[in-house]
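Examining the three-dimensional arrangement
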Amino acid sequence: MKQDTRTAAHIPPSQSQSGFSPVVTIVIVNYNVRDFLYQCLSSIERVHNTAPLRVIVVDNNSADDSIEYLQPQFPWVEFIPLPENIGFGRANNIGITKSESQYTLLLNPDTIIAEDTIGTMVRFMETNPASGIAGCKVLNADGTFQVQCRRGFPTPWASFCKLFGLQALFPNSPLFARYNQLYRSPDETYTVDAVIGAFMFCRTDALKSAGGFDPDYFMYGEDLDLCYRMKKAGYNTSYVHSTSIIHFKGESTRRSSMNEVRVFYDAMVVFARKHYGKSKIFLLFLRMGIMLRMGIAFMLRRKREFILMFCDMLIQNGMLLLATSLRFKSPFGFPDYAYPVVFIVLTAVLGCSMILSGEYFEYHSPSARRVVTGYLIGFFILSATTYYWNDFAFSRGVLLMTIGFSMAVSLLVRGLVALFDSFAGRQVRRIIVVGAGSEAHHLVKSILQADVSSVSVIGRVTALNTDSNTEESMIPVLGNITYLAKIVREHDVDEVVIADSAIDRTLILGALMQTAEYGVKYHVADGYDDLVVSRIINEVSDTGVLPDYPLGRFRNRLFKRLTDVVCAVAALLIVTPLVFLARKPIAVHIQTWLGVLSGSRSVIG
């Protein structure tokens, strides 16, 4: 991105004329989206004859030099740097307090407004005095309509329909699709419950009287809450279809380390407690729905592993029926009391054994070694179990045949999966290169020139405080080093090549720990030859050049969570009476261990 020269004619009149009172103040909260903010400010600058403007950018302690880079190019913008990330709502409130114009536009930095947007919204508000907030048509980058730009409130019924999928099943039903208003035309203007926080055109006096955004929300939910409070104050919220903006949805959260799915649902809980807190049943169903949606989201991200796990379950139970038929001449040759216990125990033990061996969730590709290890572990556990429960010691021959047949068929299935992958191109390794200097440039060039069909360089990750738009870049920039772990997960990366020797290794090791369960291999390479040597070491030893930190692997996190639960239960049941007898502060003790039990705390020593 090149810095261009701007004349006074291009500067909005609110900044070029002293003593001028703007009609609209635009408040933008920025967090690590410097290039998107550049596009946003450029689109605002093209607005000439619609309305006088004042623009305030509140920066949430970005690490990409947003202010240093943009302030010289947009001297008419007021930049307010913050020492820490205080969240979307709190940062907006700082800009709102400085607004003295008739209207305040709360705008996301990852948006581009049209030249008629401001004027259209001003005219709408002047002819509709009952509207306190208005939103416009919001489009995705590909031009499709963004359904979140006008919504209903998450009432108990609307939340239930959204969380449990009824809205997706009946999108055109006013009964089931109330939250995203899918049954309403996007090409009409009408009153709605809420509009998206990316574009909220507000009457400043009404906005200030409502107190701005609720600081209890860090990100997500604050727009719904503001519209709800404005409605209670007697103002309408309107959707205006006659003008539109482009919204590159989720760029700030995509470039942050937070779990945006969890933050979104936490915001729904805050909203429900605040406005529907008297309904205990609703809060219970809301939490159930949230757990269900988060579980579905996890399964969709790992659908390949879950399909493989389900196939193994079918194989194991099918082989048990086959072994029983061979031994007892009937697939149900055990005593009646053995069913369905034998199926449940077999499935549970073998499933846990496979997880113990590292199968399913820790690596991109299944492994014959891990499969054999898992079945052997399961065999020894099940064999030992029959010594303690003699009523189920029907035939060790059946158990041996079940494990043997299951192992053979599971290995066959994995062979077929590998064969399918080879035909489908799944064996192409997805690589990202970490670095922004000449070292990274030459490495990427060498990889591309090598023309290796099994390798795809999907992007580059830059170091902090580097220009992500250098002329030498041949591949897209996915973000900076701070968000390496998030980039690896979102882009399904197989290998990470660190090509910049100046990058802080602490950041690399932190990303390695956070992505351990994905089986990503890390290479340190100053050149293409180093990369080849590093890959050979990986393939021979099945370990990375960087040290392996297994703390983030699925089985270890599972064991850690089980350990926390056991310690918490023991502390609450056994230690609590001792604390009470010793006349120590028992409330703090109970609160601490309840936090461990709920997962908000962890035992570290």
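As a starting point, this report considers the structure included with it.

What counts, and at which threshold
- Residues numbered from 1 in each chain as written.
- Predicted model: local features only at pLDDT ≥ 70, side-chain atom pairs only at ≥ 80, totals over all residues.
- Heavy atoms only, no water.
- Helix = DSSP H or I, 4+ residues; strand = E, 2+ residues; numbered from the N terminus.
- Expected span 1.5 Å × (residues − 1).
- Buried < 20%, exposed > 50% of the residue type's maximum accessible area, 1.4 Å probe, protein only.
- Phe/Tyr/Trp six-rings, centres within 6.5 Å; stacked < 30°, edge-to-face > 60°.
- Lys NZ or Arg CZ within 6 Å of the ring centre and 35° of its normal.
- Pairing = 2+ DSSP bridges.
- Polar contact = N/O pair within 3.5 Å; in protein donor to acceptor, adjacent residues only side chain to side chain.

For helix 2 (residues 34-45), with 12 residues, the first-to-last C-alpha span of 16 Å sits near the 16 Å given by 1.5 Å per residue. Most of helix 2 sits inside the fold, with 11 of its 12 residues counted as buried. Where helix 2 is concerned, the buried positions are R34, D35, F36, L37, Y38, C40, L41, S42, S43, I44 and E45.

Turning to the packing of aromatic side chains, a few remarks are in order. Applying the stated criterion to the full structure yields 16 aromatic pairs. Look at F328 and F334: their rings are 5.8 Å apart centre to centre, the planes differ by 75 degrees, and that puts the pair in the edge-to-face class. The class for F334 is buried, based on a relative accessible area of 9%. Aromatic rings pair up to connect F328, F332, F334, Y339 and F343 into one cluster. Across from the ring centre of Y239, 6.0 Å away, lies the NZ or CZ of R150, which sits over that ring. Above the face of the Y190 ring, R184 is positioned so that its terminal group lies 3.9 Å from the ring centre.

Turning next to the pairing of strand 10 (residues 199-203). Within strand 10, 5 of the 5 residues are buried, which leaves it mostly tucked inside the rest of the structure. By the alternation rule, side chains of strand 10 split into F199, F201 and R203 and M200 and C202, which are all buried. Inspection of the sheet shows strand 4 (residues 103-107) paired to strand 10 by 5 bridges, in the antiparallel sense. Opposite L105, over in strand 10, you have F201 as the bridge partner.

As a further point, take the environment of K521. Looking at the element boundaries, K521 is found in strand 16 (residues 521-524). Note on K521: relative accessible area 25%, which makes it partly exposed. Considering only alpha carbons, one finds K521 and E495, 26 residues apart in sequence, at a separation of 4.8 Å.

Take the side chain of R34 next. Of note, R34 is situated in helix 2. Residue class for R34 comes out buried when judged on its relative accessible area of 7%. Looking at R34, its side chain comes within polar contact range of the side chain of D35, at 3.5 Å.

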